[in-house]
Every structure is written in structure tokens, then in C-alpha cells.
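Topology and contacts: notes
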Amino acid sequence: MTGLCIVVGLDGSVHGEDAAAWARAVASRVGAAVVQVHARGMIEHGTDRRAVTAAPIDGDVVVEDGDPVSVLLRVAEERGADLLVVGRRGSSTDPDLLLGSTSHQLAERAPCPLVIIPPGAQLPGPD
Amino acid sequence: MTEVPRAGDLRTSRGPTREAEADPVAATRLVVAGCNPDADHHDTGRHHPEQAARLRAATAGLVDAGLGDLEPLPPRLATRPELARVHSDAYLEALERFCAAGGGELDPDTVVSSGSWDTALAAAGAGLAAVDALRSGAGDAAFVAARPPGHHAVRTRAMGFCLLNNVAVSAAALAAAGERVLIVDWDVHHGNGTQDIFWDDPNVAYFSTHQSPLYPGTGRLGETGGPHAPGATVNVPLPAGASGDALRRALGEVAAPLVEWFRPTWVLVSAGFDAHRDDPLAELQLTAGDFADLARLVSALAPERGRLVLFLEGGYDLDALRRSVAATLSALVDGDHRPEEPSSGGPGAGVVDAVRDLHRRLNEERT
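The structure displayed is predicted, hence computed values, not measured ones.

Next up on the list: helix α6 (residues 116–135) of chain B. Residue and element names in this part refer to chain B. In this model α6 runs 29 Å from its N-terminal to its C-terminal C-alpha over 20 residues, within 8% of the 28 Å that 1.5 Å per residue would give. Counting buried residues along α6, 16 of its 20 residues qualify, which places the element largely inside the surrounding structure. Two residues or fewer after α6 comes Gly137, characterised by a positive phi angle close to 85°.

Further remarks concern helix α10 (residues 288–301) of chain B. Residue and element names in this part refer to chain B. The end-to-end C-alpha separation of α10 is 20 Å, in line with the 20 Å expected for 14 residues at 1.5 Å each. Judged by how many residues are buried, α10 sits mostly within the fold: ten of 14 residues are covered. By the burial criterion, the buried members of α10 are Ala288, Gly289, Asp290, Phe291, Ala292, Asp293, Leu294, Ala295, Val298 and Leu301. On its buried face, α10 sits against β5 (181–185), α9 (244–262), β8 (266–271), β9 (308–312) and α11 (318–332).

To continue, consider the interface of chain B and chain A. Chain B puts 29 residues into the contact, and the matching count from chain A is 21 residues. Of the roughly 1900 Å² buried where chain B meets chain A, counting both sides, 60% is carbon and sulfur surface. On inspection of chain B and its partner chain A, the count reaches one salt bridge. Arg157(B) is the salt-bridge partner of Asp67(A), the closest N and O atoms lying 3.4 Å from each other. Summed over the shared surface of chain B and chain A, the result is seven residue pairs in polar contact (both at pLDDT 80 or more). The element contributing the most residues to the side of chain B that touches chain A is helix α5 (residues 89–100) of chain B, with five residues.

This brings us to the packing of helix α2 (residues 68–78) of chain A against helix α4 (residues 102–109) of chain A. Residues and elements named next belong to chain A. The contact between α2 and α4 brings their axes to 10 Å, and the two run at 40°. Between α2 and α4, the angle falls in the class oblique. Of the two elements, α2 crosses α4, and the hand of that crossing is right-handed. Facing Pro68, Val69, Leu72 and Leu73 of α2, the residues of α4 in contact are Thr102, Gln105, Leu106 and Arg109. Looking at the contact of α2 with α4 residue by residue, the class counts come to five nonpolar, two polar and one charged.

All names here are of chain B. With their axes 9 Å apart at the nearest point, α9 and helix α12 (residues 349–366) run at an angle of 5° to one another. Of the possible angle classes, the one that applies to α9 and α12 is roughly parallel. Counting all contacts with α9, which are made through Ala246, Arg249, Ala250, Glu253, Val254 and Trp261, the residues of α12 involved are Ala349, Val352, Asp353, Val355, Arg356, Asn363 and Arg366. Its residues placed into classes, the contact of α9 with α12 shows seven nonpolar, one polar and five charged.

Before going further, it helps to spend a moment on the pairing of strand β4 (residues 141–145) of chain B. All names here are of chain B. Judged by how many residues are buried, β4 sits mostly within the fold: five of five residues are covered. Of the two faces of β4, the one lined by Ala141, Phe143 and Ala145 and the one lined by Ala142 and Val144 are each fully buried. Here five bridges tie strand β1 (residues 30–34) to β4, and the two strands are oriented parallel to one another. What sits directly across from Ala33, in β4, is Val144.

Residue and element names in this part refer to chain B. Within the largest apolar cluster, 65 residues are counted, with the highest numbers of intra-cluster contacts made by Trp186 and Phe207. In terms of residues, this core owes the most to one element, α9, which gives nine residues. If we skip the residues at most four places from it in the chain, Phe207 touches Leu182, Ile183, Val184, Asp185, Val234, Val236, Ala250, Leu251, Val254, Ala255 and Leu258. The next biggest cluster of nonpolar side chains, apart from the first, holds 46 residues, and it includes Val112, Leu121, Ala126 and Leu268.

The next subject is the pattern of salt bridges. Residue and element names in this part refer to chain B. This model, assessed by the stated rule, comprises 26 salt bridges over all chains. Among the salt bridges present, the one from Asp140 reaches Arg29, with a minimum N-O distance of 3.2 Å. One end of the pair, Asp140, is in the loop between α6 and β4; the other, Arg29, is in the loop between α2 (18–22) and β1, with 111 residues separating them in the sequence. The class for Asp140 is buried, based on a relative accessible area of 9%.

The next point concerns the confidence of the model for chain A. Averaged over all residues, the pLDDT of chain A is 83; the fraction at 70 or higher stands at 77%. Here helix α3 (residues 95–99) of chain A is the element of chain A with the lowest mean pLDDT, 60, and strand β1 (residues 5–10) of chain A is the one with the highest, 96.

Turning to the confidence of the model for chain B, a few remarks are in order. Detailed conclusions should not be drawn from predicted coordinates in areas where pLDDT is low. Overall, the prediction assigns chain B a mean pLDDT of 93, with 93% of residues at 70 or greater. For this predicted complex, the interface confidence score (ipTM) comes to 0.83, while the overall pTM stands at 0.91.

Let us look at the sheet that holds strand β5 (residues 114–117) of chain A. Residues and elements named next belong to chain A. With parallel pairing, the five strands of this open sheet are ordered in space as β3-β2-β1-β4-β5. Every other strand in the sheet has two partners, leaving β3 (60–65) and β5 as the edge strands with one partner each. Strand-to-strand, the axes of this sheet are offset by a mean angle of 25°, without reference to chain direction. Alignment of β1 against strand β4 (residues 83–87), held across three bridges, turns out to be parallel. Residue Val7 lies in a different strand from β4, and its bridge partner there is Leu84. Seen against the sheet, helix α1 (residues 14–30) touches β1, β2 (33–40), β4 and β5 and runs at an angle of roughly 165° to β1. The strands touched by α4 within the sheet are β4 and β5, with β5 carrying the most contacts at an inclination of about 165°.

What follows concerns the packing of aromatic side chains. Residue and element names in this part refer to chain B. Taken as a whole, this structure holds five aromatic pairs over all chains when the rule is applied. Arranged with centres 6.1 Å apart and planes meeting at 45°, the rings of Trp186 and Phe291 form a pair that is tilted. One end of the pair, Trp186, is in the loop between β5 and α8 (192–198); the other, Phe291, is in helix α10, and 105 residues separate them in sequence. Considered together, Trp186 and Phe291 belong to a single accessibility category, that of buried residues. Aromatic ring contacts, followed pair by pair, group Trp186, Phe273 and Phe291 into a single cluster.

How each quantity is defined
Along each chain, numbering runs from 1 in the same order as the chain's sequence is written. Chain labels run from A onward and ligand labels from 1 onward, assigned in the order the entries are written. The model is predicted, so local features are restricted to residues of pLDDT at least 70 and side-chain atom pairs to those at 80 or more, both for listing and for counting; the totals for chains, interfaces and linings are taken over all residues. To obtain the side-chain values, all non-hydrogen atoms of the structure were used and water was disregarded. The numbering of helices and of strands both runs from the N terminus, where a helix is a DSSP run of H or I of at least 4 residues and a strand a run of E of at least 2. Multiplying one less than the number of residues by 1.5 Å gives the expected span of a helix. Burial classification: accessible surface area is computed with a 1.4 Å probe over protein chains only, and a residue below 20% of its type maximum counts as buried, one above 50% as exposed, and the rest as partly exposed. The contact criterion used is simple: two residues touch if any of their non-hydrogen atoms lie within 4.5 Å. Once two parts are brought into contact, the accessible area they lose, counted with a 1.4 Å probe and summed over both, makes up the buried area. Here, a salt bridge means any side-chain nitrogen of Lys or Arg that lies within 4 Å of a carboxyl oxygen of Asp or Glu. In protein, a polar contact requires one atom able to donate a hydrogen and another able to accept it; more generally it is a pair of N or O atoms within 3.5 Å, and residues adjacent in sequence count only if both atoms are side-chain atoms. Working convention: axes come from line fits to C-alpha atoms, limited for helices to the stretch in contact. Angles between N-to-C directions cover 0 to 180 degrees. Each angle gets one of four labels, with under 35 degrees taken as roughly parallel, over 145 as roughly antiparallel, 65 to 115 as roughly perpendicular, and the rest as oblique. Each crossing is labelled by how the near helix is turned from the far one, with a counterclockwise turn of less than a right angle marking it left-handed and a clockwise turn marking it right-handed. In this count, Pro and Cys sit with the nonpolar residues alongside Ala, Val, Leu, Ile, Met, Phe, Trp and Tyr, while Asp, Glu, Lys and Arg are called charged and the others, Gly among them, polar. In short, DSSP must find at least two bridges between two strands for them to pair. Joining through side-chain atoms within 4.5 Å is the link that ties buried Ala, Val, Leu, Ile, Met, Phe, Trp, Tyr and Cys residues into a set, and such a set is a nonpolar core. How sure the predictor is of each residue is captured by pLDDT, a score from 0 to 100. Classification of ring pairs rests on two measures: the distance between centres of Phe, Tyr or Trp rings, Trp counted by its six-membered ring, which must be within 6.5 Å, and the angle between planes, read as stacked under 30 degrees, edge-to-face over 60 and tilted in between.

Next up, the structure:
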């Protein structure tokens with residue numbers, strides 16, 4: 001791939017969709033391709049792969065069985081990602097924050113720059 | 001669904017099998033730990049596949065194997081220093097706090113309740129109790145039937161139904177006492193937590209057969225250990241549809257040479273039963289008869305009697321779990337309870353060849 005590539009994690013939640021919306025908005029401004037990645041968990045294995053988000057998805061979607069950290073790192077590496085984008089849940093009682101989040105692990109291991117989208121983040125402006 | 005006897009019925013539901021009665025002196029003496037569904041307070045909700053009924057099914061398998069009269073070891077909780085060998089203090093404190101606050105979802109797969117912390121301590125403790133019992137000469141092999149399972153839990157995080165890495169806690173305790181430990185993991189999912197914890201540890205080897213691709217996405221053939229432990233991590237990533245043949249060959253042709261150079265003094269087994277063909281979470285094709293074969297093969301890897309502990313990991317079809325546990329334990333005590341014939345054929349032979357050849361080369365480089 002010659003152009004820029006943004007890999008974004010979908011986790012079936014609104015936070016993943018916020019991250020994907022941000023990634024698409026940035027991609028359209030810089031002419032990058034977006035790869036949307038969903039890691040299917042143990043229970044979810046075998047379920048319909050179309051059911052990965054509530055909203056309809058267009059573009060390049062990768063659905064793989066695995067832990068989000070392993071799957072995102074692998075896809076980022078395979079696609080030669082220039083940017084990795086993930087959402088973050090927000091509340092202080094969130095076990096993600098208490099017990100070591102996906103974004104925290106990615107920050108330590110990502111092969112490229114990482115953007116973490118907090119809840120309620122604004123999309124990048126028109127100019 | 002199979003009618004599953006409760007723990008209290010164990011003594012009376014069935015007697016020992018004829019072969020166990022015939023020659024009890026020469027038979028392998030099995031120690032069992034955990035096996036106490038009544039003390040299980042890890043509530044994952046009604047529809048979760050990793051549920052308390054699994055422990056009742058596993059315990060029923062013990063009865064089916066003619067071992068229902070075995071008294072489980074007295075329960076004991078793993079201590080903080082024992083857990084701290086494999087988990088960070090920050091994680092242990094956060095998990096305890098989160099459970100005490102009532103629990104909730106840790107990730108889409110992993111749920112805890114207020115009783116999960118104590119149940120997890122008891123599961124990790126059951127493994128330690130089994131190790132201690134064997135060290136004191138109380139038996140020739142041990143089976144730990146406890147939940148939640150452990151092999152996905154990493155140093156700093158719960159995942160994939162797992163809170164504390166039970167097999168790792170026991171392996172680390174043995175390693176701290178100067179032992180060399182081989183962990184064989186035949187659960188259908190790769191034990192990423194166990195692999196991570198011992199990745200660069202020259203005293204603990206990790207050998208895993210698992211379906212790939214599948215959760216958690218790790219366990220590729222090229223993952224072979226850190227710079228201080230080259231070749232001490234062995235992964236056999238099998239395609240969906242692989243049968244017992246692939247696992248038998250992997251143990252015979254890959255694990256056996258690993259034992260020759262690594263020379264473990266103990267063998268611990270992450271014995272998940274979700275590679276069974278009826279399991280809802282994966283697509284390998286094993287039967288109860290295959291697990292009996294695997295039990296015999298891992299027994300042969302242990303350096304002597306009294307150095308083999310099997311830990312229950314996954315297995316989510318209750319009937320298949322019951323049959324598989326029964327066949328496994330019967331094989332361990334030289335019985336012949338095989339409710340299903342072994343499977344054969346299917347894909348995966350090429351993977352076993354590739355892993356064998358890769359590790360043969362690594363072994364040559366090491367020597």
C-alpha cells in the first residue's frame with residue numbers, strides 16, 4: 001500500500017464508533033485509507049460477523065477472533081499502519097481504567113503513533 | 001442434558017469401577033483438589049458459558065471414572081505472596097476491590113461477582129494444595145477441578161473468563177523452590193497469559209496445542225520464547241477440524257523432544273476440554289477417547305510418579321466435559337473408561353511437521 005493507512009478498533013460500543021468516525025474524518029482530509037478492525041471475543045466466536053457494531057459500516061472491515069490488543073497490533077503491523085485509533089470508555093468506575101485498558105497496552109506496544117479518542121470528543125473541524 | 005450429581009452425592013452415586021477394585025495397590029494414586037461446587041461463588045450470570053455447572057459436570061466425570069470415593073484435599077486460599085509471583089500488586093488490589101464493590105464486566109467475555117475474588121483465591125490455592133500433596137508423597141498424580149479457569153490471565157489483567165492464572169501460580173511456586181516445570185496446555189484456546197508470564201523464564205517451559213485462528217489470537221508457530229529461554233515456548237496452532245491425531249503427534253514428536261533437552265522435574269497440564277467436537281466455542285474434533293490418550297502421553301512426560309498435576313481450564317459443553325474428564329482421569333489411574341472412541345484424520349499434520357522441524361533447528365542452535 002502506498003497511501004497513508006489508519007487502523008481503527010471497533011469494539012461493538014459507541015466508543016468504538018466514535019473512534020471510527022474520528023478516523024474517517026481525518027482520513028478524508030489527508031487522503032488515507034481506513035481499516036476498521038473488530039476483535040471477536042471467546043463468547044462472540046461463531047456469531048454473525050455483521051453484528052460487530054450497531055451502526056452500518058462501510059469500507060474495509062477486518063473481523064478476527066482474538067483479544068483486541070493482539071488483533072489490533074497484528075493488523076497494524078500487517079497493513080503497515082501509519083496511525084492506530086481506539087476509543088476510550090470514560091467513567092472512573094470503569095474496570096478498563098481500574099484493571100489495565102486496551103488503550104494502555106497499545107500505548108506500550110503500538111508499532112506506530114496511537115490516538116485515543118475520549119468519550120464525547122469533537123470530530124476534526126472543517127479546515 | 002446429563003443429570004449431574006452434586007458434590008454431596010459423590011460418595012453414594014456410584015462405586016469404583018471393577019478394574020479399580022481389582023488391583024488397587026498397583027494403580028496410580030490420584031489426588032483431587034477443588035471439586036467443591038458448593039463453595040463456588042463466582043457468579044457469571046445465567047447465560048455465560050463459563051458457569052458453576054461446569055464444576056458439577058467435571059465432578060460427575062470423576063464419579064464416572066470410578067473415583068467418586070476420593071476425598072478432595074482440604075481447601076486453601078492462595079496467599080498474596082504466592083499470587084505476586086505472577087500478577088502485579090496493582091492488578092490484584094484492583095481485582096479484589098472491583099469484586100468487593102459487587103463486580104461487573106471486565107471485558108465482553110469476563111464477568112465477576114462479589115464472590116469471585118474468594119473463589120479465584122480458592123482455585124489458585126487448590127493447585128498449590130495439589131502440588132504440596134504430591135510433594136509430601138500423598139499421590140502419583142493430581143487433578144484440580146476448580147474455576148474460574150486461569151490460562152488467559154496475564155500479569156496485569158484478567159481476560160477470556162480468567163482472573164488468576166492458576167497453573168502459573170503453581171508453576172511459579174515450584175520454580176521458586178528450584179524445580180524445572182513444563183506446562184502442557186491442551187485447551188483449545190492459546191494460553192496467552194501463561195506464555196507471557198514465563199516467556200523469558202529458563203525454568204518454566206510452555207507447550208500449547210490450540211485452534212488457530214481463534215481467541216486470543218496469540219500462539220503462532222514463531223512464538224518460541226525470550227532470549228533467556230529460546231525454544232522453551234512451543235506453539236502448535238492447529239486449523240479448525242483437526243482431530244486427536246494432531247495432538248497425539250504433537251505430544252509424541254514435539255513435546256517429547258522438548259522434555260529431552262529441557263528436563264522438567266514437574267509437568268503441569270492446562271487441561272481444557274473445549275477441543276472436544278461438541279464444544280460450542282471452537283471447532284476441533286476431539287472426543288473423550290482422545291483425552292484419555294493425551295492423559296497417558298503427558299503422564300509419560302513426567303520424570304517420575306508424583307510430579308504431574310492437571311488443572312481444569314475450559315470445556316463448555318457440559319456432557320462433553322463430563323465424558324472427557326472421566327476418560328482423562330480413568331486413563332491417569334490406568335483404567336479403561338472410554339465413553340467415546342478416539343478421533344483421527346483431519347487437517348493439521350503439516351503444522352505438526354513444521355513445529356517439529358522448527359524446534360529441531362532451534363535445539364541444534366542451542367547445543
